[in-house]
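Below, each chain spelled out in residue letters.
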Amino acid sequence: MSSAIPLNLGIARSTGSEASGGGKRVLLAEPRGYCAGVDRAVETVEKALEKHGAPIYVRKEIVHNRHVVETLRERGVIFVNETDEVPHGAVVVFSAHGVAPTVHESAAARGLHTIDATCPLVTKVHQEAKRFARDDYDILLIGHEGHEEVEGTAGEAPDHVQLVDGPDAVAGVTVRDESKVIWLSQTTLSVDETMETVRRLREKFPKLQDPPSDDICYATQNRQVAVKAMAPECDLVIVVGSRNSSNSVRLVEVALNAGARAAHLVDFAREVEPAWLEGVRTVGITSGASVPEILVRGVLDKLAEYGFGEVQSVTTANETLVFALPRELRAARQ
Ligand code: 0JX
Ligand code: SF4
């Protein structure tokens, strides 16, 4: 787990409505929003559009955010579910969540020009799955059934991987050899829930091995640490993010578990309901790893209209990680 720097409550933003706010305030989690993998994936699509011209195809949502997907669609991206929907020879980008080898194979068979925007930290988990499958381990992949990332990771070694979808799924897990079992995970899970799943797995399989390094990525962890730091002070936490964004949904759960009186997920400021703000003095705001900052600004502006003009940042880590673009687009990066 990455280490967090001490909680720093510094005033990051304030407006003239402070005096009339009646003690109302916003706590703004830092870090929040785009991670290095999302930044790279979105820029990959933008550069691919510039280089190849519209339309280009993207398999699945490039990242799980409605605004990002809608904006790219307007710029000429065609989102498809599978490579067989892409015309022969066209450009297709694989999403940040990664794909199974069978997807690469079917794209190659169709003669597609592929650009892989899989986050390098997801690729790292794929490599772990391949390595432990080669050594004939039973791999217990903790993750959410049906999520694209676990489909991609499991697809690296379908004969060795079984999905464990949370603590309650542990009861149904069986392995071939209890001395050769390892757990891996999806990158965007709740850290606390995953630790509980691992605890139960280890009760059942005492020789269970840990992954060589954390699979839940730095960005997921940092956003959870920040929301935990502010949640006990919050009457309400608003998480900006889409319903299909695992890491964003986890932030709502983490906020509630850490003591927030209420927590809601919104894609856009217009979804914030005035009734949520009744009797509320402190609102916490954060956003998932796939969420552009402009959407958070929209929520802050809306809250300011309701007297929440005072904004204090709650900073628990500083993020500086940047990933290089896929090779063929590197020259295009500013
Ligand atoms: O649903 P997820 O949280 O895995 O994806 P999202 O919201 O697109 O977040 C960024 C991409 C994460 C990949 O690991
Ligand atoms: Fe990569 Fe983590 Fe971002 Fe997923 S959430 S794209 S693993 S940095």
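Residues numbered from 1 in each chain as written. Chains lettered and ligands numbered in written order. Predicted model: local features only at pLDDT ≥ 70, side-chain atom pairs only at ≥ 80, totals over all residues. Heavy atoms only, no water.

Q: Hey, could you run me through the nonpolar core in this one?
A: Most often, soluble globular proteins keep nonpolar side chains buried together rather than apart. Judged by nonpolar contacts, the single largest core of 31 residues is most densely connected at Val45, Ile56, Ile62, Val63, Val77 and Val93. Elements with a contribution of two residues or more to this core: helix 1 (36-52), strand 3 (56-59), helix 2 (66-74), strand 4 (77-80), strand 5 (91-94) and helix 7 (218-230). With seven residues, the top contributor of residues to this core is helix 1. When we break this core down by domain, the ones giving at least three residues each are domain 1 (25-34 + 218-315) and domain 2 (36-119). Counting residues in hydrophobic clusters, the runner-up holds 22 residues, among them Val26, Phe268, Ala269 and Trp276. (Core = buried A, V, L, I, M, F, W, Y, C linked by side-chain atoms within 4.5 Å. Buried < 20%, exposed > 50% of the residue type's maximum accessible area, 1.4 Å probe, protein only. Helix = DSSP H or I, 4+ residues; strand = E, 2+ residues; numbered from the N terminus. Domains from an automatic or database assignment.)

Q: It is not clear to me how the environment of Thr188 should be interpreted in this structure. Could you clarify?
A: Structurally, the position occupied by Thr188 is in the loop between strand 9 (181-185) and helix 6 (191-204). Taking relative accessible area as the criterion, Thr188 reaches 13% and is therefore assigned buried. Counting along the chain gives 28 residues from Thr188 to Ile216, while the straight-line C-alpha distance between them is 5.8 Å. Beyond its immediate sequence surroundings of up to four residues, Thr188 is in contact with Glu149, Thr220, Ser246, Asn247 and Arg250. Side chain to side chain, Thr188 and Gln186 meet in a polar contact 3.2 Å long. (Contact = heavy atoms within 4.5 Å. Polar contact = N/O pair within 3.5 Å; in protein donor to acceptor, adjacent residues only side chain to side chain.)

Q: Looking at this structure, how should I read empty space enclosed by the protein?
A: Over the atoms a probe the size of a water molecule is rolled, and this reveals where empty space is left. Tallied over the entire structure, the rule returns two cavities of 30 Å³ or more. Along the wall of the largest cavity there are 25 residues; nearest its centre are Cys35, Val38, His97, Thr187 and Thr188. Classifying every residue of the lining of the largest cavity by side-chain character gives 13 nonpolar, eleven polar and one charged. In this structure, the second largest cavity spans a volume of roughly 40 Å³. In terms of lining residues, the second largest cavity is bounded by Ile142, Gly143, His144, Asp165, Gly166, Leu189, Glu193 and Thr194. (1 Å grid on protein atoms, 1.4 Å probe; cavity = no way out; pocket = protein on both sides within 12 Å on 5 of 7 lines; lining within 4 Å. Points joined across faces, edges and corners; volume = space filled by probe spheres on them. Nonpolar A, V, L, I, M, F, W, Y, C, P; charged D, E, K, R; others polar.)

Q: Whenever I open this one, the UniProt feature "active site" (unreviewed entry) in the protein chain confuses me. Can you help?
A: Mapped onto this structure's residue numbering, the UniProt feature "active site" (unreviewed entry) falls at Glu149. Looking at the secondary structure, you find Glu149 in helix 5 (residues 148-154). Judged by its relative accessible area of 3%, Glu149 is buried. In this view, Glu149 contacts His97, Val122, Ser185, Gln186, Thr187 and Thr188; residues no more than four positions away in its chain are not counted. (UniProt positions renumbered as here; feature names shortened; annotations may be inferred.)

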